[in-house]
Amino acid sequence: MAPSTTTATPKRICIVGAGAAGMSAAYAFSKHPDRYNVTLFDKQPVAGGMATSIDIDPAKYGASYINDGVQGCSPVFANTLRMFRMLGFEPTEVDMQISFGKGENFWSNVFPSQLVAQFKADIAKFGTALSTIKKLEPIFAMIPVHVMLRMFNFSTGFGERMVYPLVALFFGTGNQTPYISSAILERVFMDPSMKLFEYDPKSLLASIPTMLAFPKLHDVYQAWKSETASRGNVDFKLNHEVIRVVSRTAKKDGPVQIQYKVADGDLETAPQIAAFDELILAVDADSALKLLGKEATWMEKRVLGSVKYLYDVTITHNDLDYMQKYYETRYNPEHNAPLSSAANAQEREEMTKSFNFAERNFRPLYYTMQYAEDKSKIEMSFDLTHYQPQFRGEQPAGPISASDRTEHRNECQPAPEHAKDAQDVDKGKVGQEVRTGKDAAGAPEPLLENHVFQTIFLDRDGSQDLWTWGEIREEKRIYEKWWKQQSHRWQHYAAVVPWMMFINGKRNTHYAGAWSVLNMHELAVTSGFAAAYRLGADYPFHEDEDCERLFRLYLGVSHGSRMRKEDRKGILA
């Protein structure tokens, strides 16, 4: 749909959901104040969806907040990074060290362990499997990982101890990992927009990748909201809960009619009706289907109803005894892979260097543990003190100054107040008296016993009988939060992803959310831009190839559409 060039009454857009998807759609529309009037509803008091920050005690833990739920991203998440930088925020580079398993099941991407040596034959042929999956991706998209592992004759232990934990950790697939699409596994290693690792035929993971830890997400989204509202055509109705979609084909006032109520603490108003021209449901599929109710078409019921959700709980805590019981938190030379007599001098030297490096620098961000009763099911943890830069004195905005204009930084002018406030270096000093330890570079940080950890217990309905959450001491608990998480079963790529294009744009309704493809912040942002684009708004980052690559792909997959003729370059674009 090309943008109209005639003067007309602005189109009225209703967006439900102020997470990354809804905020991205609202931002795209805000660039056209003469063409769109947008109302964004969310029942929460702040924007951000799952991207939240919570306060903690700096006198105990060495920082005044943590990011909760969404921790960071890959350096290839171009749309997310550009949006953050424009607003005046910068993620912090951090080495993505991982500690998988405990004892004889331990392995890491920091140094070769005995487990890596045990599965060297499986690791050597894993590259062939990745290449085959990439060549036949449409077929392998429908084949679950546990079937793929049998097809290539991998050992059971290799799948349980190495493959499942790896995929589960970085795509949030949790205990559904054996049943996810094999194509996801391939994309961890080979997709330019999602890639996290380099495959190594000897150690599985070739290096310690650079990860980006997000700045304070509460401040990011407050600045995002201010910037989007600054042009006057986007009205944020937070603490406003949409109850149901009354109609999408009404003849009077506007085709889209929704019912909502104000719910602010103890204040709750009677339901009200509002009319619009178009609707964007930037909420999870379950919520979208519930809001549509009898308004849902047969196809919407089939597609949205095929998205499966699981319930997980995260416990943020400071229980080092728990972490040391179930994870390898410190370097232990007993886990070193044996120096084989068959190895040449260079290989032996490289291994020795890895061991020496680990002895000085082993500081995992991520942990996984498999339950002894069922090794296909796992528990995940993060060391937030290692991961998040505020524990080493970084300001809430991250490593950025107000004067930096490189690569779109601080492009939004005048700068949002929350961005200016977050760029106060003195805010990084809060909690510094607790930072009596040193990181690998010698910078002050809290000692290990003062670290903040976050443990995720997965799949309440299928695995709660295995959870060890009762062992985290009550006095060490900081915060508990339940999450509704999308499952990435192979069925999702058979019954949902290829059918989104047949419900997007029908009955004045578009859908936005990472659930439409894969649960990643970058896809949530891209999905919001795509919904706005389909309604005539410009893609905000046009001609930025790093950003546009994923946008074009998403537009084709989820909307069955190409970019508009005037936005395309080349016959295949």
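For the structure itself, look to the data block above.
Before going into details, it helps to say that this report is about the structure given with it. These numbers come from a predicted model, not from an experiment.

**Concerning the overall build of the chain**
A count of helical and extended segments in the chain gives 20 helices and 25 strands. A compact globule built from 573 residues would reach a C-alpha radius of gyration of about 25 Å, and the chain, at 24 Å, matches this within 12%. Considered along the principal axes of its C-alpha atoms, the chain spans approximately 80 × 55 × 50 Å. Across the 573 residues of the chain, 58% fall into the buried class. In the chain, the proportion of contacts linking residues at least 24 apart, taken out of those at least 6 apart, comes to 74%. Accessible surface, the chain: about 23400 Å² in total, of which carbon and sulfur atoms supply 50%. If the 65 positive side-chain charges of the chain are averaged to one point and the 71 negative ones to another, these points end up 6 Å apart.

**Some points on the side chain of Ser181**
As for its position among the elements, Ser181 is in the loop between α8 (156–171) and α9 (182–190). At a separation of 3.0 Å, a polar atom in the side chain of Ser181 contacts the main-chain carbonyl oxygen of Ala141. At a separation of 3.1 Å, a polar atom in the side chain of Ser181 contacts the main-chain amide nitrogen of Ala183. Setting aside anything within four residues of it in sequence, one finds Ser181 in contact with Phe140, Ala141, Ile143, Val145, His488, Arg489, Trp490 and Tyr493.

**What to know about the pairing of strand β20 (residues 374–383)**
Here β20 lies mainly inside the structure; eight of its ten residues are buried. Sheet topology places strand β19 (residues 366–371) next to β20; six bridges connect them, and they run antiparallel. Residue pairing in the sheet places Tyr366 in a bridge with Phe382 of β20. Hairpin connection between β19 and β20: a loop of two residues separates the two successive antiparallel strands.

**With respect to the sheet that holds strand β25 (residues 509–511)**
In space, the five strands of this open sheet follow the order β12-β2-β1-β17-β25, with parallel pairing throughout. Single-partner strands in this sheet number two, and they are β12 (234–238) and β25. Ignoring strand direction, the axes of neighbouring strands in this sheet form an average angle of 15°. Bridge analysis of strand β1 (residues 11–16) against strand β17 (residues 278–281) gives four bridges, and the strand direction is parallel. Bridge pairing in β17 links Val16 to Leu281.

**A look at the packing of helix α3 (residues 78–87) against helix α10 (residues 217–229)**
Where α3 meets α10, the closest approach of the two axes is 10 Å, and the angle between their N-to-C directions is 75°. Compared by their axis directions, α3 and α10 come out roughly perpendicular. In this structure, α3 contributes Met83, Phe84 and Leu87 to the contact, and α10 contributes Leu217, Val220, Ala223, Trp224 and Glu227. Classifying every residue of the contact of α3 with α10 gives seven nonpolar, no polar and one charged.

**Details of the packing of aromatic side chains**
Within this structure, the stated rule accounts for 34 aromatic pairs. Measuring from ring centre to ring centre gives 5.2 Å for Tyr327 and Tyr367, while their planes differ by 55°; the resulting arrangement is tilted. Here Tyr327 is found in the loop between α13 (320–326) and α14 (345–361), whereas its partner Tyr367 is found in strand β19, with 40 residues between them in sequence. Comparing Tyr327 with Tyr367, the two get one shared label, buried. Each member of the aromatic cluster is reached from another via a ring pair, and the members are Phe119, Phe126, Phe140, Phe152, Phe154, Phe158, Phe189 and Tyr199. Over the aromatic face of Tyr65 sits the side chain of Lys216, whose NZ or CZ is 4.8 Å from the ring centroid. Sitting above the plane of the Tyr309 ring, Lys484 keeps its charged end 4.9 Å from the centroid.

**Description of the nonpolar core**
Across soluble globular proteins, nonpolar side chains show a tendency to be buried alongside one another. With 121 residues, the main nonpolar core has Ile15, Phe29 and Ile280 as its most contacted residues. Every residue in contact with Phe29, bar those within four places of it in the chain, is listed here: Ile13, Ile15, Tyr36, Val38, Asn233, Ile280, Ala532, Leu535 and Ala537. By size, the runner-up hydrophobic cluster in this structure holds 27 residues, among which are Cys14, Ala288, Leu291 and Val496.

**Some remarks on α3**
Across the ten residues that make up α3, a large majority, ten, are buried. All of the buried residues along α3 are Ala78, Asn79, Thr80, Leu81, Arg82, Met83, Phe84, Arg85, Met86 and Leu87. Just downstream of α3, Gly88 is the residue with a positive phi angle, here 105°.

**Some thoughts on the sheet that holds strand β11 (residues 210–213)**
Read across the open sheet, the three strands follow the order β5-β11-β6; overall the sheet is antiparallel. Either end of the sheet is taken by a strand with one partner, and the two such strands are β5 (72–73) and β6 (92–95). In this structure, β5 lies alongside β11, joined through two bridges in antiparallel fashion. Its bridge partner being in β11, Gly72 is matched across the sheet by Ala213.

**Re the packing of helix α5 (residues 120–135) against α9**
Orientation of α5 relative to α9, taken along the N-to-C sense of each, is 110°, at an axis distance of 9 Å. Taken together, the axis directions place α5 and α9 in an arrangement best described as roughly perpendicular. Read as a crossing pair, α5 and α9 show a hand that is left-handed. Contact with α5, carried on its side by Phe126, Leu130, Ser131, Ile133 and Lys134, involves Ser182, Ala183, Leu185, Glu186, Phe189 and Met190 of α9 and no other residues of that element. Looking at side-chain class alone, the contact of α5 with α9 contains seven nonpolar, two polar and two charged residues.

Rules of the game
Residues numbered from 1 in each chain as written. Predicted model: local features only at pLDDT ≥ 70, side-chain atom pairs only at ≥ 80, totals over all residues. Heavy atoms only, no water. Helix = DSSP H or I, 4+ residues; strand = E, 2+ residues; numbered from the N terminus. Rg over C-alpha atoms; globule rule 2.2 N^0.38 Å. Buried < 20%, exposed > 50% of the residue type's maximum accessible area, 1.4 Å probe, protein only. Contact = heavy atoms within 4.5 Å. Areas by Shrake-Rupley, 256 points an atom, 1.4 Å probe, with all protein chains shown as cover. Lys, Arg positive; Asp, Glu negative; His and termini not counted. Charge placed at Lys NZ, Arg CZ, Asp CG, Glu CD. Polar contact = N/O pair within 3.5 Å; in protein donor to acceptor, adjacent residues only side chain to side chain. Pairing = 2+ DSSP bridges. Axes fitted to C-alpha atoms, helices over the stretch in contact; angles between N-to-C directions. Parallel < 35°, antiparallel > 145°, perpendicular 65-115°, else oblique. Nonpolar A, V, L, I, M, F, W, Y, C, P; charged D, E, K, R; others polar. Phe/Tyr/Trp six-rings, centres within 6.5 Å; stacked < 30°, edge-to-face > 60°. Lys NZ or Arg CZ within 6 Å of the ring centre and 35° of its normal. Core = buried A, V, L, I, M, F, W, Y, C linked by side-chain atoms within 4.5 Å. Left-handed = near helix turned anticlockwise from the far one by under 90°.

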